[in-house]
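Listed below, chain by chain, are the residues.
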Amino acid sequence: MGGRPATREERLIAVGLWALAFIAFLLVERAVGFVRDEGIYFTAAESYAGWFRRLFTQPMTALKDAAIVGAWDVNHEHPALMKELFGLSHLLFHQTLGWLRPATAFRLPALAMAALVPALTFLLGSAVFGRAAGLFAALSFLLVPRHLFNAELACFDMPVAAMWLLVVYTFWRAMESRRWGLVCGVAFGLAICTKHNALFLPFVLVPFALWRAWQESKAVPAARDGAWRFVGLFAAVTVLYLLLFVALGPAGFQRKFILLSPHTLLFVGLAVGTFWVLRELYRVHEPTARALLPVATMAVLGPILFYLHWPYLWHHPVERVAWYLTFHARHDHYAWFYLGDLMRSPPFPLGYVVMKTALTVPTSLFVPMVLGWLTVVGRALLSLPPRTREWVRRPSITELLVGVNAVASIAIISHPRVPHFGGVKHWLPSMPFLGILAGMAVVSGCAALVEQLRARRPTLPFAAVAVPVFALLMAPALLGLVRVWPYGTAFYSELAGGVPGAASLGMQRQFWSSHVTGVLPWINEHAKPHARVYLHEVTGYSFQHYQDNGMLRRDLQAAWSPSDADIVAYQYHQEFREHELNVWQAFGTRTPATGLYLDETPQIVVYQRP
């Protein structure tokens with residue numbers, strides 16, 4: 001598990017991929033409608049930016065808890081990093097410079113973060129399986145319609161996928177560089193500042209760090225003793241925290257966790273102790289120390305950065321962090337249509353995430369993903385028994401690192417008690433790693449084909465086979481992307497039978513309310529002056545943002561039910577079928593005026609009062 005540095009050519013390719021992705025995202029962003037979450041994120045971002053302005057003009061007032069709560073209470077169920085960036089980008093590029101429309105200015109940081117995914121995917125993939133595999137993974141990631149759709153949004157799902165990938169990459173590089181061990185801790189801190197998904201990263205990475213330390217210290221007893229001291233220190237602090245929790249109870253533990261308390265002393269002791277143990281370990285055996293350094297930096301720098309980045313925590317950190325964690329541990333369950341069942345509450349189907357991935361990733365890309373992952377797992381299993389060990393090449397620890405991260409977030413969301421909604425966005429962190437494994441499988445197949453063809457043409461270049469194979473596998477994804485764009489949440493793969501096939505299977509046709517952009521031009525043209533418009537599933541925030549961004553006429557008024565509306569745009573959802581019946585009763589007609597249909601499958605149905 002050696003984290004080799006990227007070559008100069010690989011770094012240039014990665015920068016080019018980032019620029020290509022960012023420009024592509026920016027060019028097509030305007031067509032994407034506002035999802036429900038964006039409305040509140042835009043509002044929160046403006047509020048946070050206002051607080052930053054106040055911080056520079058009235059610092060003493062701005063730092064008081066009342067002022068902080070007044071500005072930061074909006075959407076405090078999520079960390080603030082991305083919303084801070086959204087707000088500052090809007091303040092600079094729209095309000096100050098006037099270069100971008102409001103929505104584009106809000107979305108700009110998310111586009112830049114999403115563009116990191118293909119760049120980092122290439123760097124990791126090329127280091128582990130070669131440049132061709134890394135390039136296939138990077139390019140194919142951009143062609144998955146649901147990936148591209150999520151990349152356009154001022155939300156957290158694609159940014160946290162980028163941060164997850166960054167943490168894994170820095171963790172891998174840290175195995176050969178002390179500097180990257182420190183960077184890994186910073187990256188992890190920024191990841192948990194992005195979204196709560198990243199809190200699972202230590203459970204994925206720490207076993208690899210301990211295994212590497214164990215392997216490195218085999219022949220050095222002093223290093224093995226130092227590694228045990230490191231582990232023992234973490235175990236002791238964990239036990240002491242548990243004893244405090246049991247002795248004080250949940251309320252007392254939270255109330256007494258203040259700046260001057262045993263709780264804080266334990267954290268300071270952990271920070272000082274781990275770095276003292278590592279300093280001694282570096283003197284004895286540097287490879288063992290390097291293996292453990294990312295664990296220390298994630299444990300110490302992560303919480304510090306999380307606290308510092310979020311002013312809402314400054315005056316009451318423990319109480320408010322506890323509320324934040326509890327909110328996500330008890331997250332609401334939203335109704336979701338899956339294979340003909342309307343899922344409203346747990347337990348949810350164990351195979352949901354795998355099935356949903358199979359039906360929403362273009363089949364020509366999904367099959368190599370599965371083959372690549374099964375190849376790594378198969379090699380790992382066959383290398384265990386002595387009888388089969390000689391048949392295969394044992395996968396390296398780095399290959400296993402990629403394989404585990406390819407299924408980590410999928411496994412987390414697959415738990416039957418975890419809310420299942422939002423399409424594929426909640427397990428996006430797995431997709432770059434699956435793409436890398438797909439690249440490995442495709443390149444291995446190309447190499448085998450080249451070897452056969454070189455029996456007749458010895459000078460046949462690898463690219464002569466790889467380029468057409470890459471094009472053949474990516475073409476269906478590109479065609480599917482063009483066919484559904486910008487309605488990304490409606491995309492279904494060839495395995496599902498496309499959009500109509502998914503509807504016949506009883507799958508969720510679309511969600512998040514963004515598809516309404518397909519009927520806004522008709523509404524702008526046909527609505528009477530000052531007409532009342534009910535955009536089903538579209539929040540008041542989004543309604544206002546459509547008007548602010550010139551996508552909906554200013555004179556139109558938002559209605560909140562069909563009964564007092566002149567025009568209704570109904571989002572076709574199985575859980576809302578009664579809403580269309582209400583429209584028929586209120587309007588006295590069952591005939592739509594227009595609608596958005598993808599491959600003749602209803603997505604948005606518009607009714608106009610006679």
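Refer to the structure above for everything that follows.
Predicted, not measured: the structure shown is a model, and the values here were computed from it.

A.B. asks: Is there a simple way to think about the pattern of salt bridges in this case?
C.D. replies: Pairs can form between side chains of opposite charge whenever their charged atoms are close. Using the criterion set out here, one finds 22 salt bridges in the structure. Two residues, Arg532 and Asp564, come together in a salt bridge whose shortest N-O distance is 3.4 Å. With a gap of 32 residues between them, Arg532 in strand β3 (residues 532-535) and Asp564 in the loop between β4 (557-558) and β5 (567-571) connect regions that are remote in the sequence. Residue Asp564 is classed as partly exposed on the basis of its relative accessible area of 34%. When salt bridges with common partners are traced through the structure, they connect Glu176, Arg212, Glu216, Glu286 and Arg290 into a single cluster.

A.B. asks: How do you make sense of the packing of aromatic side chains when you look at a structure like this?
C.D. replies: The geometry of an aromatic ring pair comes down to the distance between the two centres and the angle between the two planes. In the structure shown here, the tally under the stated rule is 27 aromatic pairs. Pairing Trp51 with Trp72 gives two aromatic rings, centres 5.5 Å apart and planes at 75°, and the pair type is edge-to-face. One end of the pair, Trp51, is in helix α2 (residues 36-57); the other, Trp72, is in helix α4 (residues 65-72), with 21 residues separating them in the sequence. The exposure classification of Trp51 matches that of Trp72, with both residues buried. The interplanar angle of 80° and the centroid separation of 5.8 Å between the aromatic rings of Phe52 and Trp72 together place this pair among those described as edge-to-face. Linking Phe52 in helix α2 with Trp72 in helix α4, this pair joins segments that are 20 residues apart in sequence.

A.B. asks: For this particular structure, what's the right way to read a nonpolar patch on the surface?
C.D. replies: Together, Leu210, Trp211, Trp214, Trp228 and Val231 make up a nonpolar patch on the protein surface, roughly 500 Å² of accessible area in all. When residues of the nonpolar patch are traced back to their parent elements, those giving at least two are α12 (201-216) and α13 (221-255). Top contributing element to the nonpolar patch by residue count: α12, with three residues. One can find Trp214 in helix α12.

A.B. asks: For this particular structure, what's the right way to read the nonpolar core?
C.D. replies: Judged by nonpolar contacts, the single largest core of 183 residues is most densely connected at Phe25, Trp72, Val167, Leu205, Ile523 and Leu535. Among the elements that make up this core, the one with the highest residue count is helix α10 (residues 157-174) (13 residues). When near neighbours in sequence (up to four residues on either side) are disregarded, Phe25 contacts Leu111, Ala114, Ala115, Leu142, Leu148, Ala151 and Glu152. If you look at the next biggest cluster of nonpolar residues, it comprises eleven residues, including Ala565, Tyr570, Val583 and Phe587.

A.B. asks: Would you mind showing me how to read the side chain of Thr288 here?
C.D. replies: Counting through the fold element by element, Thr288 comes out in helix α15 (residues 286-309). Within the local environment of Thr288, its side chain forms a polar contact with the side chain of His285, the two groups lying 2.7 Å apart.

A.B. asks: Where do I start with the sheet that holds strand β7 (residues 601-608) in this structure?
C.D. replies: Strand pairing within a sheet occurs via backbone hydrogen bonds; the two strands may be parallel or antiparallel. If you trace the five strands from one edge of the open sheet to the other, you get β4-β3-β5-β7-β6, paired in mixed fashion. On the outer flanks of this sheet lie β4 and β6 (594-598), each paired with one strand and no other. Sheet analysis places β6 next to β7, joined by five bridges and oriented antiparallel. Across the sheet, Leu598 pairs through a bridge with Thr601, a residue of β7.

Rules behind the numbers
Residues numbered from 1 in each chain as written. Predicted model: local features only at pLDDT ≥ 70, side-chain atom pairs only at ≥ 80, totals over all residues. Heavy atoms only, no water. Salt bridge = Lys/Arg side-chain N within 4 Å of Asp/Glu carboxyl O. Helix = DSSP H or I, 4+ residues; strand = E, 2+ residues; numbered from the N terminus. Buried < 20%, exposed > 50% of the residue type's maximum accessible area, 1.4 Å probe, protein only. Phe/Tyr/Trp six-rings, centres within 6.5 Å; stacked < 30°, edge-to-face > 60°. Patch = residues over 30% accessible without salt bridge, like charges linked within 9 Å, V, L, I, M, F, W, Y side chains within 5 Å. Areas by Shrake-Rupley, 256 points an atom, 1.4 Å probe, with all protein chains shown as cover. Core = buried A, V, L, I, M, F, W, Y, C linked by side-chain atoms within 4.5 Å. Contact = heavy atoms within 4.5 Å. Polar contact = N/O pair within 3.5 Å; in protein donor to acceptor, adjacent residues only side chain to side chain. Pairing = 2+ DSSP bridges.

Function cannot be inferred from these measures alone, as they are strictly geometric.
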